[in-house]
Amino acid sequence: MSTKEFLMNLEDPLRRISCGINAIELMMYGLGRTKDPYADGFFVVWNYLREAEADLQKAVQAAGE
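In this report, the structure presented in the accompanying data block is examined. Since the model is a prediction, treat every value here as computed from it, not as a measurement.

1. Considering helix 1 (residues 3-33)
End to end, helix 1 covers 44 Å across 31 residues, agreeing with the expected 45 Å (1.5 Å per residue, within 8%). Along helix 1, the sharpest kink reaches roughly 30 degrees, centred on E11 and followed within four residues by the proline P13. Of the positions making up helix 1, those classed as buried are L7, L14, I21, I24, M28 and L31. Looking at the buried residues of helix 1, the elements they touch are helix 2 (39-64). The first or second residue beyond helix 1 is K35, which carries a positive phi of 60 degrees.

2. Examining helix 2
End to end, helix 2 covers 37 Å across 26 residues, agreeing with the expected 38 Å (1.5 Å per residue, within 8%). The set of residues buried in helix 2 consists of A39, W46, N47, E53 and V60. Residues of helix 2 that are buried make contact with helix 1.

3. Observations concerning the packing of helix 1 against helix 2
With their axes 9 Å apart at the nearest point, helix 1 and helix 2 run at an angle of 160 degrees to one another. Comparing the axis directions of helix 1 and helix 2 gives the class roughly antiparallel. Seen from above, helix 1 lies across helix 2 with left-handed handedness. Residues belonging to the contact of helix 1 with helix 2 are distributed by class as follows: 17 nonpolar, 5 polar and 3 charged.

4. Observations regarding the environment of L31
Tracing the chain through its elements places L31 in helix 1. A sequence separation of 23 residues divides L31 from A54, and the C-alpha atoms of the two residues are 24 Å apart. Residues in contact with L31, not counting those within four places in the same chain, are D36, Y38, A39 and F42.

Procedures and definitions
Residues numbered from 1 in each chain as written. Predicted model: local features only at pLDDT ≥ 70, side-chain atom pairs only at ≥ 80, totals over all residues. Heavy atoms only, no water. Helix = DSSP H or I, 4+ residues; strand = E, 2+ residues; numbered from the N terminus. Expected span 1.5 Å × (residues − 1). Bend = angle between axes of the 7 residues up to and from the residue. Buried < 20%, exposed > 50% of the residue type's maximum accessible area, 1.4 Å probe, protein only. Contact = heavy atoms within 4.5 Å. Axes fitted to C-alpha atoms, helices over the stretch in contact; angles between N-to-C directions. Parallel < 35°, antiparallel > 145°, perpendicular 65-115°, else oblique. Left-handed = near helix turned anticlockwise from the far one by under 90°. Nonpolar A, V, L, I, M, F, W, Y, C, P; charged D, E, K, R; others polar.

So this is what it looks like as structure tokens:
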């Protein structure tokens, strides 16, 4: 499998990961507005996943160059 094919195969999984991170972000903001004690936990998970997604995107872009 070529690098180009590999990167193309990553498009759908990366999109799904991004959608999941967005869903967690919405939960975090909703829980925060209601002063739910779980909001902080959702923030930690959201922030960790958002940073991991950014690192993954950088690695994919570097591989495509």
